[in-house]
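Each chain, written out:
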Amino acid sequence: MRTTVGIIGAGPAGLLLARLLHRAGIESVVLESRDRAYVERRQRAGILEQGTVDVLRAAGAGERMDREGLRHDGIELRFGRRRHRVDFPGLTGGRSVTVYAQTEVCKDLIALQLKEGGPLLFEAEALGVEGAEGDRPRIPFRHQGREDVLECEYVVGCDGFWGVARKAVPAGVSRVFERSYPYAWLGVLADVAPSHDELVYARHERGFALLSMRSPAVSRLYLQVPAGTEAGQWGDEEIWDELERRLETDDDWRLERGPLTQKSVTPMRSFVHEPMRHGRLFLAGDAAHIVPPTGAKGLNLAVGDVVTLARALAHERQTGSPELLDAYSTTCLRRVWQAERFSYDMTTLLHRAPDDTPFDARLQLARLERIASSRAAETDLAEAYTGFPLG
């Protein structure tokens, strides 16, 4: 099997890249190790930056998002039982974010790819990447019980942190930057209308809490828990009681309860692999970088990567110049490190580490007071949350 761009992974990065390449007249084949049902129900991110929303619309993948997604013009910070709203459009010149789950983005892109795009092979396990330094890299893969090889001009690893693509970059040229956090998120889905119309980020002495949503009828909520916690350690009423404590305010706001339909624990880590290119192999999304979810940046960073790469591949096709492809890693990493910085800032602003001292606690409160009282500090948060420029 031959193609121009071999894409490993049918998450949002791989699917959107295939869509962008199709619209640019560039052939691709997508290999996904899981089946379609798994990809379409895999719970991940739910916040789309303004730039991500714009890209999906321009790619012809925004119809259902515009109909069912929830536009949010701000977030609420809670600390010391007080509430402070950050007004995104007023601080950024009109930008906002949209609540629309990654599962729904994948469903939309899969439907478009199967209808209009190149081959999308589910249950096709990439076994590695060969010949990345040459002119014709290869992806050996296993599909329907048979082994085959996909020959490409370029390979793009969109196969996540545990995928095979990054392993093809020689250790001698790789640099890894990472940080693990001593806490995790216990996340739940609840069949109850959200108790607030925008996301609520709460800093509390007992730990962080987040009130989010998946739809007008389904709430998504998170609690900071110690690293290594298992979801089954927490009972349903225990979770609701703890959320109520951490989200409490001095006014008449109340947390609405409902049946919990799902529990999971998300570890917290920061990770960057440099470079994001080796020869004709390019890394995108979680294959190259991980952020703690506090800043809502993971999916949006992946979009930035593939927009940059699709633009570079189209430029090379149109002009013969590899200039933008050669700059891919440097271009992406500028945005990646700003997102890492913002995600780290939000995480350390709102979470209580096990070894925190009273001094650390007062610094957190001072940082929150600064955001609540300074338009400049508030604008910095709003600009970062709604998204850094793509490319």
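Residues numbered from 1 in each chain as written. Predicted model: local features only at pLDDT ≥ 70, side-chain atom pairs only at ≥ 80, totals over all residues. Heavy atoms only, no water.

Undergrad: With reference to specific residues and values, describe helix α6 (residues 102-116).
TA: Along its 15 residues, α6 runs 21 Å from first to last C-alpha, staying within 8% of the 21 Å computed at 1.5 Å per residue. Among all positions in α6, only Gln-102, Thr-103, Glu-104, Val-105, Cys-106, Asp-108, Leu-109, Ile-110, Leu-112 and Gln-113 are buried. (Helix = DSSP H or I, 4+ residues; strand = E, 2+ residues; numbered from the N terminus. Expected span 1.5 Å × (residues − 1). Buried < 20%, exposed > 50% of the residue type's maximum accessible area, 1.4 Å probe, protein only.)

Undergrad: Summarise the domain arrangement of the chain; cite the residues concerned and give the values.
TA: When its domains are assigned, the chain resolves into domain 1 (5-71 + 98-178 + 268-348) and domain 2 (181-267 + 354-386). With 26 residues of domain 1 at the contact, the number on the domain 2 side is 21 residues. The junction of domain 1 with domain 2 conceals about 2000 Å² of combined surface from both sides, 60% of it contributed by carbon and sulfur atoms. A per-residue breakdown of the area domain 1 buries against domain 2 is headed by Gln-43, Met-268 and Thr-348, which together make up 30% of the total. The tally of links from domain 1 across to domain 2 stands at one salt bridge. A salt bridge links Asp-380 to Arg-341; its shortest N-O distance comes to 3.8 Å. Our count for the contact surface shared by domain 1 and domain 2 stands at seven residue pairs in polar contact (both at pLDDT 80 or more). At the level of secondary structure, the elements contributing two or more residues to the side of domain 1 that touches domain 2 comprise β17 (260-274) and α10 (328-350). Here the element with the most residues in the side of domain 1 that touches domain 2 is α10; it accounts for seven residues. Residue composition of the side of domain 1 that touches domain 2, by class: 12 nonpolar, eight polar and six charged. (Domains from an automatic or database assignment. Contact = heavy atoms within 4.5 Å. Buried area = accessible area lost by both parts, 1.4 Å probe. Salt bridge = Lys/Arg side-chain N within 4 Å of Asp/Glu carboxyl O. Polar contact = N/O pair within 3.5 Å; in protein donor to acceptor, adjacent residues only side chain to side chain. Nonpolar A, V, L, I, M, F, W, Y, C, P; charged D, E, K, R; others polar.)

Undergrad: Break down the pattern of salt bridges for me, citing the residues and quoting the values.
TA: For the structure on display, the rule yields 40 salt bridges. The closest approach of N and O atoms between Arg-67 and Glu-68, which form a salt bridge, is 3.8 Å. Of the residues examined, Arg-67 reaches a relative accessible area of 54% and is grouped as exposed. The closest approach of N and O atoms between Glu-104 and Lys-107, which form a salt bridge, is 3.3 Å. Here Glu-104 and its partner Lys-107 are both found in helix α6, three residues apart, which amounts to about one turn of the helix.

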